[in-house]
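Structural description and commentary
Here is what each chain is made of, one letter per residue.
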Amino acid sequence: MKTVPAYTGADEQLWRIEQLTDGTFRIMPKVIPGQEGINTSICLYSAGDSTPTLAKYDFKSDNSKWNFRNH
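To start, this report covers the structure provided alongside it. (Residues numbered from 1 in each chain as written. Predicted model: local features only at pLDDT ≥ 70, side-chain atom pairs only at ≥ 80, totals over all residues. Heavy atoms only, no water.)

The next thing to look at is the packing of aromatic side chains. Within the structure shown, the criterion is met by one aromatic pair. Residues F25 and F68 carry aromatic rings whose centres are separated by 5.0 Å and whose planes lie at 70 degrees to one another, so their mutual orientation is edge-to-face. Of this pair, F25 sits in strand β2 (residues 25-29) while F68 sits in the segment after β4 (51-56), placing them 43 residues apart in sequence. With a relative accessible area of 19%, F25 lands in the buried category. Here the guanidinium or amino end of R26 rests over the ring plane of Y57, the centre of that ring lying 4.4 Å away. We note K65 situated over the ring of F59; from NZ or CZ to the ring centre the distance is 3.9 Å. (Phe/Tyr/Trp six-rings, centres within 6.5 Å; stacked < 30°, edge-to-face > 60°. Helix = DSSP H or I, 4+ residues; strand = E, 2+ residues; numbered from the N terminus. Buried < 20%, exposed > 50% of the residue type's maximum accessible area, 1.4 Å probe, protein only. Lys NZ or Arg CZ within 6 Å of the ring centre and 35° of its normal.)

That is the geometry; function is a separate question.
Next up, the structure:
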């Protein structure tokens, strides 16, 4: 991915946040570099409960589910 200094609305800056049936959220980038078309299976994934990465979505894994809270 390339880094840009400001929001332009380019595909690499767009993410989809979907609420799941259990109340958690799935966070998915619009596109994956090197893959054609809109992303439908790769999401933000917690590796080792501390490091975010991209991985295939797995509803059974808490590592691919996110919660939001106000601070």
